[in-house]
Amino acid sequence: MQSGAPGDDLRQAAKASSLRSRLLLVIAAAALFWLLREAYPVLMPAVTALLLALGVWPLVAAIRDRVPRPMRWLGPMAGSLLVLAILIAFFAGVGFAARSVYRLARDIGPQLGARLENLPLALPGPFGAGAGGAREEGLAIGSQLASSALTLLNLTASTLGGIVLILFLMLLMLTEAPSFHAKLRSISDRRRDAQVWRDIGRSVGAKFRAYFITRLLLGVLSGLLYAGFLMVSGVDYVLLWGLLTVLLSFIPTVGSLISGTLPTIYVFVTRDPATALMVGAGLLVIEQVIGNFVDPRIMGRRLAISPLAVLLALVFWTLLWGVAGALLAVPLTVLVTAVMTHFERFRPVALLLTDYEDLEELERFGDTA
């Protein structure tokens, strides 16, 4: 019995060491989550500025290479102005949509309550709230929609200061990018180290541009199909529903759900349940065609990010940074995956985040495209 004691001790020590390692990993993950959440006022503008700078860098570099040295500031300025125009257009659209949804939600609350009273589900019983309960439920839904739209409107107004900070950080990054690369190459032990980070920047920038442009085109296509179908169905506020579809297309999964639900609720209130069911079914068919056939074929070739990874990233970053996290979920996933792809130790994790099946295919993800 004594001869087996050392082996048992070794196994127990190994088991205790493994348990400590797992516990430390959980503690480190919790600490990282807390740090990312608490550092939101600093990290979110910095990460957004970095992604935007990488996205517009080809334009900046092209201008810098074609102007005299004293005029090279025109490159970063042009890139910043392009981003400013895009952000103004985006937030102007969000503001218009939020104001319109707020007015509609405030007006249709009583009508929604009256409509719910006529449904069988409104009958008294263990699963029904009764007529009065249905009216109160309708008012509550309308009030919640109006409150959400007002919150989004206030959030849009409060982001102006954040936009200024993001643009300022991006301008500094674009201005100092050439000297920063020279410094990185100088302090690196090997020239290859600096080249790796340069390749990562090019890869992330290319994929971010591909994501933004493709997401915008697919959003416009979905918006046009939604608007055309709703116009044929005789639904009002076609411009609003189409604009909402375009804007919400930048939020994976949840965006398409909201853009299809809101017009269906409106039709349910202003028309009848049968028409609302028909409209909802039509929008669902359009969303399924775009989401299951067109989107994967286009976005899959350009980004190759696993749909499950996108959904988990959406939940994770939304919990951390709210609406900003939802918008940045896919670009941040692309950024993290591209970085891990260039390092041997993290490639297995990067493979899990993509829809590739082996490490040889993963090599294509690191290409600058």
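Structure shown above.
Procedures and definitions
- Residues numbered from 1 in each chain as written.
- Predicted model: local features only at pLDDT ≥ 70, side-chain atom pairs only at ≥ 80, totals over all residues.
- Heavy atoms only, no water.
- Helix = DSSP H or I, 4+ residues; strand = E, 2+ residues; numbered from the N terminus.
- Buried < 20%, exposed > 50% of the residue type's maximum accessible area, 1.4 Å probe, protein only.
- Contact = heavy atoms within 4.5 Å.
- Areas by Shrake-Rupley, 256 points an atom, 1.4 Å probe, with all protein chains shown as cover.
- Patch = residues over 30% accessible without salt bridge, like charges linked within 9 Å, V, L, I, M, F, W, Y side chains within 5 Å.
- Salt bridge = Lys/Arg side-chain N within 4 Å of Asp/Glu carboxyl O.
- Phe/Tyr/Trp six-rings, centres within 6.5 Å; stacked < 30°, edge-to-face > 60°.
- Axes fitted to C-alpha atoms, helices over the stretch in contact; angles between N-to-C directions.
- Parallel < 35°, antiparallel > 145°, perpendicular 65-115°, else oblique.
- Left-handed = near helix turned anticlockwise from the far one by under 90°.
- Nonpolar A, V, L, I, M, F, W, Y, C, P; charged D, E, K, R; others polar.

Caption draft 1: Quick look at the overall build of the protein. In terms of regular secondary structure, the protein is built from 12 helices and 0 strands. Starting at the N terminus and ending at the C terminus, the protein contains elements arranged as α-α-α-α-α-α-α-α-α-α-α-α. Here the protein holds 369 residues, and 38% of them are scored as buried. Partitioning the intrachain contacts of the protein with sequence separation of at least 6 by distance along the chain shows that 70% fall at a separation of at least 24. Split by element, the accessible area of the protein, about 21300 Å² in all, is 69% carbon and sulfur.

Caption draft 2: Examining the side chain of S233 more closely. One can find S233 in the loop between helix 6 (191-232) and helix 7 (238-248). Aside from chain neighbours lying at most four places away, what touches S233 is R271, M278 and V279.

Caption draft 3: Representation of a nonpolar patch on the surface. Taken together, M71, W73, M77 and L81 make up a surface patch of nonpolar side chains, about 390 Å² in accessible area. Here W73 is to be found in the loop between helix 2 (40-66) and helix 3 (74-117). You can call W73 partly exposed: its relative accessible area is 48%.

Caption draft 4: Representation of unusual backbone geometry. In this structure, Y237 takes a positive phi of about 60° despite not being glycine. When you line up the elements, Y237 lands in the loop between helix 6 and helix 7. Look at Y237 and you get partly exposed, because its relative accessible area is 43%.

Caption draft 5: How the structure looks around helix 7. In terms of burial, helix 7 is largely enclosed, as 9 of its 11 residues are buried. Those residues of helix 7 lying buried are V238, L240, W241, G242, L244, T245, V246, L247 and L248.

Caption draft 6: Representation of the pattern of salt bridges within the structure. Tallying each qualifying case throughout the model produces 1 salt bridge. Between E344 and R347 there is a salt bridge, with its nearest N and O atoms 3.1 Å apart. Residue classification places E344 among the exposed residues on the basis of a relative accessible area of 58%. The class for R347 is buried, based on a relative accessible area of 19%.

Caption draft 7: Spotlight on the packing of aromatic side chains. One pass over the full model with this rule turns up 9 aromatic pairs. Where F33 meets F316, the ring centres are 5.8 Å apart and the plane angle is 65°; that geometry is what we call edge-to-face. Note that F33 is positioned in helix 1 (residues 5-38) and F316 in helix 10 (residues 307-341), a separation of 283 residues in sequence. Here F33 falls in the partly exposed class, since its relative accessible area comes to 27%. Since its relative accessible area comes to 32%, F316 is described here as partly exposed. Ring geometry for Y237 and Y266: centres 5.6 Å apart, planes at 85°, overall edge-to-face. In this pair, Y237 is assigned in the loop between helix 6 and helix 7 and Y266 in helix 8 (residues 254-270), connecting sequence segments 29 residues apart. One aromatic cluster is present, built from ring pairs that chain together F33, Y40, F316, W317 and W321.

Caption draft 8: Structural view of the environment of V267. Summarising the element assignment, V267 is placed in helix 8. The spatial distance from the C-alpha of V267 to the C-alpha of S233 is 9.9 Å, given a sequence separation of 34 residues. If we skip the residues at most four places from it in the chain, V267 touches V235, D272, T275, A276 and V279.

Caption draft 9: Spotlight on the packing of helix 2 against helix 10. Look at helix 2 against helix 10: their axes get within 11 Å of each other, and the N-to-C directions meet at 45°. Regarding the angle of helix 2 to helix 10, the classification is oblique. Our pair here, helix 2 against helix 10, has a crossing hand that is left-handed. On helix 10, the residues touching Y40, L43, M44, V47, T48 and L51 of helix 2 are W321, A324, L328, P331, L332 and L335. Of the residues belonging to the contact of helix 2 with helix 10, the class tally is 11 nonpolar, 1 polar and no charged.

Without other data, these values stay purely geometric and don't point to any function.
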